[in-house]
2 protein chains.
Amino acid sequence: MVGMATEPTTERGRATRGRIVRAAAGLIAERGVAGMSLDDVCLQAPASKSQLYHYFSGRDELQQAVAEATCEAVMAGQATLLDDFGTLEGAERYLGAIVALQQQRQARGGCPIGSLAGQLAEHHEGSRRALVDGFDRWEAALRTGLEAMAERGVLRPGTDVASLAAQILGAIQGGLLLTQVRRDPGQMRQAADAALVLLRGATA
Amino acid sequence: MVGMATEPTTERGRATRGRIVRAAAGLIAERGVAGMSLDDVCLQAPASKSQLYHYFSGRDELQQAVAEATCEAVMAGQATLLDDFGTLEGAERYLGAIVALQQQRQARGGCPIGSLAGQLAEHHEGSRRALVDGFDRWEAALRTGLEAMAERGVLRPGTDVASLAAQILGAIQGGLLLTQVRRDPGQMRQAADAALVLLRGATA
DNA sequence: GAAGAACTGGACGATGTCGTCCAGTTCTGC
DNA sequence: GCAGAACTGGACGACATCGTCCAGTTCTTC
């Protein structure tokens, strides 16, 4: 934990760093943060201990990198769906897609960001900040869609789109958490309905 | 992990088991599931290894006991507030109390049940079931309040109180998660407002 | 193509953790 | 008050994990 982490400057270095982060992310998703050992990460990457410690100062920094990569992946995965969020129908499609994904995954895993939050947020400031950043980007995308609706007069004038975006994100996260714990995608369906109630409650 | 767990039959045994669970719960709250070692639990309880393994088959069973105790504590802590949930004003008081608690705690810790969910639900079936039980009891309490409102004609006839209860619980959990990650009690305020919107949307 | 920086591989010691074991003490039922 | 069950204390071995170290290889720059 003495040496500082190094950014890779060569193509090979970037590839190695990427393999390590992906392996760590996979192991965390599979076994949880507690179940991920650095040796396992090296084995799975594949990479060696010195490579891991070359790019990361230690476990904490690796976990933070996983948090960042996870946020990136989640946002990238729903980017096109979120672009649609500027209309009521688009919002319905977006929320329906989340429900469908939960059904397809048999209600496992919950939200990748939310799951990490429960495991990291309270105990590692760097990881927490990475997750805050992820939620901020998510919420900003929702807000952008709401603003588009507001501009077209779909929402009542004076609607607090910032709050509404936060509430919708909260409903989604709560729904995903209950879905995961109860192993029931119906929980996400109800949460999606709740988000739509909040949205429709603000329509003109 | 070979021996099965034993229920204590004597007063002293129950006290010891209780000390162990409380110590484990405290350490998990402080450092997370990953950061709790059984040696630390014994040190803090105080108790000895053989006592721990006398009452629990191993780490997993101890964690499950912590999950059960946490659910119990959370429900006991809000029992009187939840009794109030049978009126609109009572519901406002209840949600306001959650917000106030988050402010008082400086947005730390989130929901004890929800936090455990993120760390345990995906990886230990027994713990998951304990958490499901906690959420079920919570939701049932909300539903009881909603049914009281429905009977008194506060809610529109035909309101699906079961779904509404799940949605309100989801809003609360989502709000607590965002509060914890963002370290901002305002997140819980917005979630509480969202829950009230859902509730008022069902009033006659 | 040579020099130096970046990267790689894997062995290694220190440490923490788990789970076992057994001898000693306290409690319970008769 | 005694026999047996329940409980307690702490030492112990096996093992996993962390983080370090250094020699060897590949890349970049000139």
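Here the structure is shown first, and the text comes after it.
The present account deals with the structure reproduced in this document. Values in this document were obtained by computation on a predicted structure and should not be read as measured data.

Looking only at helices and strands, chain A has 10 helices and 0 strands in total. Taken from N to C terminus, the helices and strands of chain A fall in the order α-α-α-α-α-α-α-α-α-α. The dimensions of chain A, computed from C-alpha atoms along their principal axes, are 60 × 35 × 30 Å. Out of the 204 residues belonging to chain A, those deemed buried represent 46%.

Around DNA strand D, a shell composed of 27 residues is seen, among which Leu38(A), Ser50(A), Gly13(B), Ser48(B) and Ser50(B) lie nearest. Here the element with the most residues in the surface near DNA strand D is helix α3 (residues 49-55) of chain B; it accounts for 4 residues.

Moving on, we get to the relation of the copies chain A and chain B. The two copies are related by a screw operation: chain A maps onto chain B through 180° of rotation and 0.0 Å of translation along the axis, at an RMSD of 0.0 Å. Such a turn and shift between the copies fits a two-fold axis. Every residue of chain A has its C-alpha some distance from the rotation axis, and the shortest such distance is that of Gly174(A), at 1.9 Å. Mapped onto chain B, 100% of the interface residues of chain A again fall at the interface, so both copies present the same surface.

Opposite the 40 residues of chain A that make contact, chain B presents 40 residues. Where the side of chain A that touches chain B is concerned, the elements lending two or more residues are α7 (112-121), α8 (125-151), α9 (161-182) and α10 (186-200) of chain A. At 15 residues, α9(A) tops the list of elements feeding residues into the side of chain A that touches chain B. A breakdown of the residues in the side of chain A that touches chain B according to their chemical character gives 18 nonpolar, 18 polar and 4 charged.

Another point: the packing of helix α6 (residues 88-104) of chain B against helix α10 (residues 186-200) of chain B. Residue and element names in this part refer to chain B. Two numbers describe how α6 lies on α10: the axes approach to 9 Å, and their chain directions differ by 165°. In terms of axis orientation, α6 runs roughly antiparallel to α10. In the crossing of α6 with α10, the sense of the turn from one axis to the other is right-handed. The segment α6 lies against α10, with Ala91, Glu92, Leu95, Gly96, Ile98, Val99 and Gln102 engaging Met188, Arg189, Ala192, Ala195, Leu196 and Leu199. Classifying every residue of the contact of α6 with α10 gives 9 nonpolar, 2 polar and 2 charged.

What counts and how
Residues numbered from 1 in each chain as written. Chains lettered and ligands numbered in written order. Predicted model: local features only at pLDDT ≥ 70, side-chain atom pairs only at ≥ 80, totals over all residues. Helix = DSSP H or I, 4+ residues; strand = E, 2+ residues; numbered from the N terminus. Buried ≥ 20, exposed ≤ 12 C-beta atoms within 10 Å, placed from the backbone. Near = placed C-beta within 6 Å. Least-squares fit on C-alpha atoms with pLDDT ≥ 70 in both. Contact = placed C-beta atoms within 7 Å. Nonpolar A, V, L, I, M, F, W, Y, C, P; charged D, E, K, R; others polar. Axes fitted to C-alpha atoms, helices over the stretch in contact; angles between N-to-C directions. Parallel < 35°, antiparallel > 145°, perpendicular 65-115°, else oblique. Left-handed = near helix turned anticlockwise from the far one by under 90°.

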